[in-house]
Amino acid sequence: MATEVAEKTGEDVPVPGAGGTRFDLEKETELRFEVEAGERVQLELLTGLAEVFGSELNRNKKYTFGPGSKIAVFTWQGCGVCLYGKTEVAYVSKDTPMLLYLNTHAALEQMRRLAERDNERGPRVMVVGPTDVGKSTVCRLLLSYAVRLGRRPTLVELDVGQSGVSVPGTMSALCIERPADVEEGFSVQAPLVFHFGSTSPGTNIKLYNKLTSSLAEVYSQRCEVNRKASVGGCIINTCGWVKGSGYQALVHCASAFEVDVVLVLDQERLYNELKRDLPHFVRVVLLPKSGGVVERSKECRRETRDEKIREYFYGFRGVSFYPHAFDVRFSDVRIYKIGAPSIPDSCLPLGMSQDDTQLKLVPVTPGRDLTHHVLSVSCAEDGEEGSRRGVVESPVCGFIVVTAVDTQAQVMTVLSPAPRPLPRHTLLIMDIRFIDLK
Ligand SMILES: Nc1ncnc2c1ncn2[C@@H]1O[C@H](COP(=O)(O)OP(=O)(O)OP(=O)(O)O)[C@@H](O)[C@H]1O
């Protein structure tokens, strides 16, 4: 039920034209709302208890959501909340799969308890499904619920298009130590990030699978030395590409991480295929998607990606960090692209297969076309040929964006989160561009 209430004043940033609308939610229902483009909406919990994607709301605190946000406020016990600002849509739904998601969490927690008791490892869970079924949301929910019980699960982010951990075009792992912040999501401290270079696994599936294996290897090594990480298990978020090579990549991931549970969202066909192709001890579970998950247009996805890169340099909502701009001499860095363009088999050197070219480091000659490209700064040691082979599988220590190139002076100007000099000199170019309009 919604009622208009007078605007409240507080220390928070006022939302223009904000007359509050109150919603009283019965238990096990959720308020779904979307924020209009160019607007902000504030949410306040007035009575009872409620959560946003697994993170509890504090009473009488105003949470601000930016343009385009799609949010669900769920309550197990019943609550009263108020929305201030212009929403594109706001409605209460009784029909949510939250009980099923909670049961899934309870089953995973049971597995963690058994792992603790028997000195085994905790559940490794892969969340799969087509695009826009709420995979990332389910991952966030399960991770927040686990961490609220004192667990230390790991988020493995394999969605190179919409990464929740780092900039797009990367594959990463993050140890979760506290529930996601209601506005900002998980606090990203010391993630392990690998350079993939584009927003679709299909551009270099061989590299995608290779990096999946690298992440699995590092995660397993961590589990060997960190009991809490091992018992906490991991939740793997995957891409929405579930056919052909995309499907094979899921099967590969399941085997690399030795997953115990696969949660399939909203696609019976995928569920059946995985049940057929994965070993019998892997529990494949079909879960419905929430009716609240909103389909995002290409444009919306592009904007989200841009926002993620902006956030990397300027901080959340563009106000916390102050990036640096400085010149880098061409002679001081080595720029590579991973993967040579495919050529007909008949033109390949003797003994070389097409696969080899996909993992090849191709030197890039700096020129004007570098402008606006995002470059990953590889952690690989600078120097000798020998270490070059390790560049593809080395994590990255950060990102820069080329804002200008002066071919005459042989320098490029870069936007960097840290002042000069660059910590390493091996740079990997992404297909992704970012135009810094700040
Ligand atoms: N119950 C809900 N009510 C309202 N919005 C929701 C709900 N669940 C998820 N959303 C929103 O729907 C959008 C898509 O969800 P999500 O990113 O989890 O999907 P996905 O399957 O991971 O997408 P992708 O195709 O990028 O892999 C997000 O903006 C999310 O905030």
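Structure: above.
The following paragraphs examine the structure supplied in this document. (Residues numbered from 1 in each chain as written. Predicted model: local features only at pLDDT ≥ 70, side-chain atom pairs only at ≥ 80, totals over all residues. Heavy atoms only, no water.)

**Observations concerning the pairing of strand β21 (residues 373–378)**
Piece 1. Of all the 6 residues making up β21, 6 are buried; the element is thus mostly covered by neighbouring parts of the structure.
Piece 2. Residues of β21 alternate between two faces, with His373, Leu375 and Val377 on one and Val374, Ser376 and Ser378 on the opposite face, all of them buried.
Piece 3. Pairing between β21 and strand β24 (residues 426–433): 4 bridges, direction antiparallel. Residue pairing for β24: Leu375 is matched across the bridge by Ile429.
Piece 4. Here β21 runs beside strand β22 (residues 396–406); their pairing, made up of 5 bridges, is antiparallel. What sits directly across from Leu375, in β22, is Ile400. (Buried < 20%, exposed > 50% of the residue type's maximum accessible area, 1.4 Å probe, protein only. Helix = DSSP H or I, 4+ residues; strand = E, 2+ residues; numbered from the N terminus. Pairing = 2+ DSSP bridges.)

**What to know about the packing of helix α3 (residues 205–225) against helix α5 (residues 244–256)**
Piece 1. As a packed pair, α3 and α5 sit with axes 9 Å apart at the nearest point and diverge in direction by 20°. Taken together, the axes of α3 and α5 are roughly parallel relative to one another. For α3 against α5, the interelement crossing comes out right-handed. Each of Ile205, Tyr208, Asn209, Thr212, Ser213 and Ala216 in α3 lies in contact with α5, whose residues at this interface are Ser245, Ala249, His252, Cys253 and Ala256.
Piece 2. Here the residues of the contact of α3 with α5 are counted per class, giving 6 nonpolar, 5 polar and no charged. (Axes fitted to C-alpha atoms, helices over the stretch in contact; angles between N-to-C directions. Parallel < 35°, antiparallel > 145°, perpendicular 65-115°, else oblique. Left-handed = near helix turned anticlockwise from the far one by under 90°. Contact = heavy atoms within 4.5 Å. Nonpolar A, V, L, I, M, F, W, Y, C, P; charged D, E, K, R; others polar.)

**Examining the side chain of Ser166**
Piece 1. Along the polypeptide, Ser166 turns up in the loop between β12 (154–157) and β13 (170–175).
Piece 2. Aside from chain neighbours lying at most four places away, what touches Ser166 is Val193, Lys308 and Phe399.

**Comments concerning the packing of aromatic side chains**
Piece 1. A full pass over the atoms with the stated rule returns 7 aromatic pairs.
Piece 2. A ring pair is formed by Tyr312 and Phe313, whose centres lie 5.0 Å apart and whose planes are at 85°; its orientation type is edge-to-face.
Piece 3. Taking the relative accessible area as the measure of exposure, Tyr312 reaches 24% and is therefore partly exposed.
Piece 4. Overall, the relative accessible area of 1% leaves Phe313 in the buried class.
Piece 5. Ring geometry for Tyr312 and Phe399: centres 5.3 Å apart, planes at 80°, overall edge-to-face. Of this pair, Tyr312 sits in helix α7 (residues 298–314) while Phe399 sits in strand β22, and the two are 87 residues apart along the sequence.
Piece 6. A relative accessible area of 4% means that Phe399 is categorised as buried.
Piece 7. Site record: aromatic cluster; members linked through ring pairs are Tyr312, Phe313, Phe399 and Phe434.
Piece 8. Over the ring of Tyr84 we find Lys62, and its NZ or CZ is 4.5 Å from the ring centre. (Phe/Tyr/Trp six-rings, centres within 6.5 Å; stacked < 30°, edge-to-face > 60°. Lys NZ or Arg CZ within 6 Å of the ring centre and 35° of its normal.)

Coordinates in, geometry out; function isn't part of it.
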